[in-house]
Amino acid sequence: MESRLRGADAPGLKLIETMLWDGSGVALEPLHRARLLAGAQALGWTCPAFVLKGPSHPARLRLTLDAEGVVTLEPGPLPPPKEIWRLALSPERLTSSDPWLRVKSTRRAAYDRARAALPEGIDEVLLLNERGEVCDGSITTLFFDRGNGLRTPPLSAGVLPGVLRASLAVPEETLLPDDLPFVRLWIGNALRGFCPALWVG
């Protein structure tokens, strides 16, 4: 099958799913599988049948799929929990029309740079797109409430289709950086769950 995304044949490229293993299975497994399959289809790759296996205790389970259809599973320790995540803004910018933002893969340079430059005392940074709209965190999805219920930035802004986001089915709404001090905030992902956050700026 011809690749639908230019660069799908880049050396070392892999699709990624980072999952919460509870000791016997993966939380949100159907959503992880659906996103992996969608990513493989976008790249023109084959996604083989596979069984998720992990240790006898809760763990971080990282799955990768390469262009040859090889699935690799790597267990690791769970990240330490945080009572509240302190948020700031990253100077990194995303382009909302970039189709690679819809695929969770090792092609994530902007996110990696943002994470590597995390300021002291900050747990997560938020990235904006070319229109100045809030998109994602470097490793999380952002959720917010202006007083009308939980919302999340739209996928069309250049947001990764997160598994936690999909499980919550939260309505989309554009958020600008000037709004951040005035809304309730949460961040989350499939591994860490849904966590309260504080805008530090």
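Quick caveat, the model's predicted, so the values are computed rather than measured. (Residues numbered from 1 in each chain as written. Predicted model: local features only at pLDDT ≥ 70, side-chain atom pairs only at ≥ 80, totals over all residues. Heavy atoms only, no water.)

Moving on: the overall build of the chain. Secondary structure assignment for the chain yields three helices and ten strands. Element order for the chain, N to C, with α for helix and β for strand: β-α-β-β-β-α-β-β-β-β-α-β-β. For 201 residues, the compact-globule formula gives about 17 Å, and the C-alpha radius of gyration of the chain, at 17 Å, lands near that figure. Along the three orthogonal principal directions, the C-alpha set of the chain runs to about 45 × 40 × 30 Å. Among the 201 residues that make up the chain, the fraction classed as buried is 46%. Within the chain, counting contacts between residues at least 6 apart in sequence, those at least 24 apart form 63% of the total. Of the roughly 10,100 Å² of accessible surface on the chain, a fraction of 54% belongs to carbon and sulfur atoms. (Helix = DSSP H or I, 4+ residues; strand = E, 2+ residues; numbered from the N terminus. Rg over C-alpha atoms; globule rule 2.2 N^0.38 Å. Buried < 20%, exposed > 50% of the residue type's maximum accessible area, 1.4 Å probe, protein only. Contact = heavy atoms within 4.5 Å. Areas by Shrake-Rupley, 256 points an atom, 1.4 Å probe, with all protein chains shown as cover.)

Moving on: the environment of Thr 174. Tracing the backbone through its elements, the reader meets Thr 174 in the loop between α3 (163–168) and β9 (184–189). On the accessibility criterion, Thr 174 (37% relative accessible area) is partly exposed. In this structure, the C-alpha to C-alpha distance between Thr 174 and Gly 162, residues twelve residues apart in sequence, is 17 Å. Beyond its immediate chain neighbours, meaning those up to four positions away, Thr 174 contacts Glu 133, Phe 144, Arg 146 and Pro 154.

The residue Asp 136 is located in strand β6 (residues 134–137) in this model. We note that Asp 136 is buried and unpaired, the nearest opposite charge coming from Arg 165 at a distance of 6.1 Å. For Asp 136, the side chain forms a polar contact with the main-chain nitrogen of Leu 160, separated by 2.8 Å. With residues up to four places along the chain from it excluded, the contact list for Asp 136 reads Tyr 111, Val 125, Leu 126, Leu 127, Thr 141, Gly 158, Val 159 and Leu 160. (Lys, Arg positive; Asp, Glu negative; His and termini not counted. Salt bridge = Lys/Arg side-chain N within 4 Å of Asp/Glu carboxyl O. Polar contact = N/O pair within 3.5 Å; in protein donor to acceptor, adjacent residues only side chain to side chain.)

Gaps between atoms show up when a probe of the same size as a water molecule is rolled over them. Its boundaries defined by the atoms lining it, the largest pocket holds a volume of some 700 Å³. In terms of lining, the largest pocket is formed by 35 residues, of which the most central are Lys 104, Arg 108, Ser 138, Ile 139 and Leu 160. Of all the secondary structure elements, the ones that give two or more residues to the lining of the largest pocket are β1 (14–21), β2 (59–66), β4 (85–94), α2 (109–116), β6, α3 and β9. (1 Å grid on protein atoms, 1.4 Å probe; cavity = no way out; pocket = protein on both sides within 12 Å on 5 of 7 lines; lining within 4 Å. Points joined across faces, edges and corners; volume = space filled by probe spheres on them.)

Despite not being glycine, Leu 28 has its phi angle at roughly 65 degrees, a positive value. By secondary structure assignment, the location of Leu 28 is in the loop between β1 and α1 (29–43). Since its relative accessible area comes to 31%, Leu 28 is described here as partly exposed.

Under the counting rule described, the total for this entry stands at two aromatic pairs. Residue placement shows Arg 33 over the ring face of Phe 50; its charged tip is 4.2 Å from the ring centre. The ring centre of Trp 85 lies 5.7 Å from the NZ or CZ of Lys 82, which sits over that ring. (Phe/Tyr/Trp six-rings, centres within 6.5 Å; stacked < 30°, edge-to-face > 60°. Lys NZ or Arg CZ within 6 Å of the ring centre and 35° of its normal.)

Considering all chains together, one arrives at one cavity of 30 Å³ or more under this definition. By volume, the largest cavity is sized at about 30 Å³. Forming the walls of the largest cavity are Leu 15, Ile 16, Glu 17, Arg 35, Leu 36, Gly 39, Val 103 and Lys 104. Elements with a minimum of two residues in the lining of the largest cavity: β1 and α1.

Turning to the environment of Trp 186, a few remarks are in order. Of note, Trp 186 is situated in strand β9. Assessed through its relative accessible area of 12%, Trp 186 is described here as buried. Separated by 56 residues in the primary sequence, Trp 186 and Glu 130 have C-alpha atoms spaced 23 Å apart. In contact with Trp 186, not counting residues within four places along its chain, are Thr 141, Leu 142, Phe 143, Phe 144, Asp 145, Leu 150, Phe 194, Cys 195, Pro 196 and Ala 197.

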